[in-house]
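# Per-entry structural report
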Amino acid sequence: MHTSLNGARIAFDLDGTLVDTAPDLVRALNESVVPLGFDPVPVEAVRAMVGRGARALIRRAFVREGRAEPHEDLVEDRLDVFMDAYRADIARHSRPFEGVEAVLDSLTAAGARLSVCTNKPTQLAIPLLDALNMRSRFERVIGPEDAPAKKPDASHLIVAVGGEPIDHACVLVGDSEPDALAAKAAGAGSVIFEGGYSEKPARTLGADRLFDTYGVLPDLLAELIVTRKGA
């Protein structure tokens, strides 16, 4: 067991980092746009855009269909349909990425304190984690409405890990640019999952470490924390 993980505060992004939520988000997207005569949007067509939010997905569907830019009233109408469809069956197809649950348990056993720092609204994040029986693994789940500002603002991460000071043993594990930027702004370490939803290549995000399989994460976090302590 890594002694450097004892007392470490490790925050995780949710969509694209802990859980592959894209299939359910695209399911809800299609329930909102197919009634307009659109062809169903395949998940791979928008996977990298999931982090932008539902409005962006809806607008992207119009572009993909060759339709004119939708009026804001139409976007809001379709957003209501999207949200109702998503909430009603939030984890129909969503699953933790392979190895996530075992790694979370390993980190907890080593004494790490875990939290979720997500731009997904808390009112959706908690039901998702509950549906997947994952909520109890985290001390807190902090969506954008629970912080002064959302990622990439440092304050979001600071609230998620329980407040300042941010020391060498504070790390954000994410999958996209807002995660890397929030960690840098807060003075925390950053570890980026290469199998997530980033629109930019993971290697270009300026993270401290990258990983593509969860089995390596405890060792990677322990090494990063030791390195940051000695810096």
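Residues numbered from 1 in each chain as written. Predicted model: local features only at pLDDT ≥ 70, side-chain atom pairs only at ≥ 80, totals over all residues. Heavy atoms only, no water.

### A short note on the overall build of the protein chain
- Helix and strand content of the protein chain: nine helices and eight strands.
- Taking 17 Å as the expected radius of gyration for a compact globule of 231 residues, we find that the protein chain reaches 18 Å, a close match to that expectation.
- With the C-alpha coordinates of the protein chain rotated into their principal frame, the extents come out at 60 × 30 × 30 Å.
- Taken over 231 residues, the protein chain has a buried fraction of 51%.
- Long-range contacts, defined as pairs at least 24 residues apart, comprise 66% of the intrachain contacts of the protein chain with a sequence gap of at least 6.
- For the protein chain, the exposed area adds up to about 10200 Å²; of that, 50% sits on carbon and sulfur atoms.
- Charge centroids of the protein chain, computed over 26 positive and 35 negative side chains, lie 2 Å from each other. (Helix = DSSP H or I, 4+ residues; strand = E, 2+ residues; numbered from the N terminus. Rg over C-alpha atoms; globule rule 2.2 N^0.38 Å. Buried < 20%, exposed > 50% of the residue type's maximum accessible area, 1.4 Å probe, protein only. Contact = heavy atoms within 4.5 Å. Areas by Shrake-Rupley, 256 points an atom, 1.4 Å probe, with all protein chains shown as cover. Lys, Arg positive; Asp, Glu negative; His and termini not counted. Charge placed at Lys NZ, Arg CZ, Asp CG, Glu CD.)

### Let's talk about the nonpolar core
- Counting 62 residues, the largest nonpolar core has I10, F12, L18, F82 and Y214 as the members making the most contacts within it.
- Every residue in contact with I10, bar those within four places of it in the chain, is listed here: L5, L107, A112, R113, L114, S115, V171, V173 and L221. (Core = buried A, V, L, I, M, F, W, Y, C linked by side-chain atoms within 4.5 Å.)

### Focus on the pairing of strand β6 (residues 170-174)
- For β6, the tally of buried residues reaches five of five residues, placing the bulk of the element in the interior.
- Direction of pairing for β6 relative to strand β7 (residues 189-193): parallel, over a ladder of four bridges. Residue G174 lies in a different strand from β7, and its bridge partner there is I192.
- With respect to chirality, the unit in which β6 leads through helix α8 (residues 177-186) into the neighbouring parallel β7 is right-handed. (Pairing = 2+ DSSP bridges. Right-handed = clockwise from strand over helix to strand, strands pointing away.)

### Brief notes about helix α5 (residues 100-109)
- Every buried residue belonging to α5 is among V100, V103, L104 and L107, and all of these are buried. Buried residues in α5, looked at end-on, bunch into an arc of 100°, giving them a common side. The exposed set on the far side of α5, more than 90 degrees from its buried face, consists of A102 and A109.
- Where α5 is buried, its residues meet β1 (9-12), β3 (95-96), β4 (113-117) and α9 (217-230).
- Residue G111 follows α5 closely and has a positive phi angle near 100°. (Arc of directions from axis to C-beta.)

### Here's the deal with the pairing of β4
- A large share of β4 lies buried, amounting to four of its five residues.
- By the bridge criterion, four bridges tie β1 to β4 in an arrangement that is parallel. By the bridge assignment for β4, F12 is matched with V116.
- By the bridge criterion, three bridges tie β4 to strand β5 (residues 140-142) in an arrangement that is parallel.

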